[in-house]
Amino acid sequence: EEWKVDHKQLMQMMAAQQCFNEQSMAFLEKILAQSGTGQATAWPPSIVQCLKDGKPQDTSVENARSESKQVICDVIRDVLEKTGTKPKEVDILIINCSLFSPTPSLCALAAHEFGMRSDLCSYNLSGMGCSASVIAIDLAKQLLRSRPNALALVASRYYPCFISIFSSWNVLRLSGCFLSCRSLI
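Since this is a predicted model, take the numbers as computed values, not measurements.

1. Section: the overall build of the chain
Next, step 1: Per the secondary structure count, the chain includes nine helices and six strands.
Next, step 2: Long-range pairs, those at least 24 residues apart, make up 75% of the contacts in the chain with a sequence separation of at least 6.
Next, step 3: Here the chain has roughly 9800 Å² of accessible surface; of this, 54% comes from carbon and sulfur atoms.

Structure, rendered in structure tokens:
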């Protein structure tokens, strides 16, 4: 809940980045009004923090890793609990995260966090933008064809990093406005 902001707060957060001119802010506001995002859309804590301290977002790799771990592990934990699945029962783990591709991978992070098996078949996808979720599902489908009794878990995250949101290119700003902070399984 603390990650959720309304449109007015989002515009305050963007202004705190100190990288937009008047024209860019007007464009962001126009796109936001037409984006279909609600008045309680989740954004990463490093951007939401701008509402409290007025400083630009922490765009460090350490911060991106911390936020990714929190989002991905919370979602994986939730789906494992809701399905009654034990982490060691997962045969295939596929995680994709838009532009963020750390070493060690997000798959390694999740496998370690949940104590998954050492023979886990894991795939970490990144750099594919919005299409990565579809590619991840297709990869799982192909892998399950060759291993029909296997259990696959796919986690997909869009990380609205400074490259897309704080770009001078309007097309990149569009993706940041539409996608915010999402993680799916």
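What follows picks up the thread again.
2. As for the pairing of strand β3 (residues 92-97)
Next, step 1: Most of β3 sits inside the fold, with six of its six residues counted as buried.
Next, step 2: In β3, alternate side chains face the same way, and those of Ile92, Ile94 and Asn96 on one face and Leu93, Ile95 and Cys97 on the other are all buried.
Next, step 3: As judged from the six bridges shared by β3 and strand β4 (residues 121-126), these two strands associate in the parallel manner. Of the residues in β4, the one forming a bridge with isoleucine 94 is tyrosine 123.

3. Quick notes on the confidence of the model for the chain
Next, step 1: Scored by pLDDT, the chain has a mean of 81; 85% of the residues are at 70 or more.
Next, step 2: Model confidence for the chain, summarised as mean pLDDT per element, is weakest for helix α9 (residues 170-179) at 44 and strongest for helix α6 (residues 106-114) at 96.
Next, step 3: Predicted confidence for residues 166-185 stays below pLDDT 50, and this span has 70 contacts to residues more than four positions away or in other chains.

4. Things to note about unusual backbone geometry
Next, step 1: Cis peptide bonds are those with omega within 30 degrees of zero, and the linkage from threonine 103 to proline 104 qualifies with -5 degrees.
Next, step 2: Among the secondary structure elements, proline 104 is positioned in the loop between β3 and α6.

5. Things to note about the pairing of strand β5 (residues 152-158)
Next, step 1: Most of β5 sits inside the fold, with six of its seven residues counted as buried.
Next, step 2: Sheet topology note: the β3/β5 ladder contains six bridges and is parallel. Along β5, the bridge assignment pairs asparagine 96 with serine 156.

6. Structural notes on helix α2 (residues 22-34)
Next, step 1: When the terminal C-alpha atoms of α2 are compared, their 19 Å separation across 13 residues agrees well with the 18 Å that a helix rising 1.5 Å per residue should span.
Next, step 2: Among all positions in α2, only Ser24, Met25, Leu28, Ile31 and Leu32 are buried. Angularly, the buried residues of α2 cover 130 degrees about the axis, an arc narrow enough to put them on a single face. Of the exposed residues in α2, the ones pointing more than 90 degrees away from its buried face are Glu22, Gln23, Lys30, Ala33 and Gln34.
Next, step 3: The N-terminus of α2 is capped by asparagine 21, whose side-chain oxygen sits 3.1 Å from the backbone nitrogen of glutamine 23.
Next, step 4: Of the residues trailing α2, glycine 36 is marked for its positive phi of about 85 degrees.

7. Description of the packing of helix α1 (residues 7-16) against α2
Next, step 1: It is the contact of α1 with α2, at a shortest axis distance of 11 Å, that shows an interaxial angle of 155 degrees. Looking at the two axes, α1 sits roughly antiparallel to α2. Where α1 crosses over α2, the handedness of that crossing is right-handed. Where α1 abuts α2, its residues His7, Leu10, Met11, Met14 and Ala15 lie against Met25, Leu28, Glu29 and Leu32.

8. Quick word on the pattern of salt bridges
Next, step 1: Inspection of the entire model under this criterion finds six salt bridges.
Next, step 2: Between glutamate 113 and arginine 77 there is a salt bridge; the shortest N-O distance is 3.3 Å. Note that glutamate 113 is positioned in helix α6 and arginine 77 in helix α5 (residues 61-83), a separation of 36 residues in sequence.
Next, step 3: Residue glutamate 113 is classed as partly exposed on the basis of its relative accessible area of 34%.
Next, step 4: On the basis of relative accessible area, arginine 77 is assigned to the partly exposed category, the value being 29%.

Procedures and definitions
- Residues numbered from 1 in each chain as written.
- Predicted model: local features only at pLDDT ≥ 70, side-chain atom pairs only at ≥ 80, totals over all residues.
- Heavy atoms only, no water.
- Helix = DSSP H or I, 4+ residues; strand = E, 2+ residues; numbered from the N terminus.
- Contact = heavy atoms within 4.5 Å.
- Areas by Shrake-Rupley, 256 points an atom, 1.4 Å probe, with all protein chains shown as cover.
- Buried < 20%, exposed > 50% of the residue type's maximum accessible area, 1.4 Å probe, protein only.
- Pairing = 2+ DSSP bridges.
- pLDDT = per-residue confidence, 0-100.
- Expected span 1.5 Å × (residues − 1).
- Arc of directions from axis to C-beta.
- Polar contact = N/O pair within 3.5 Å; in protein donor to acceptor, adjacent residues only side chain to side chain.
- Axes fitted to C-alpha atoms, helices over the stretch in contact; angles between N-to-C directions.
- Parallel < 35°, antiparallel > 145°, perpendicular 65-115°, else oblique.
- Left-handed = near helix turned anticlockwise from the far one by under 90°.
- Salt bridge = Lys/Arg side-chain N within 4 Å of Asp/Glu carboxyl O.

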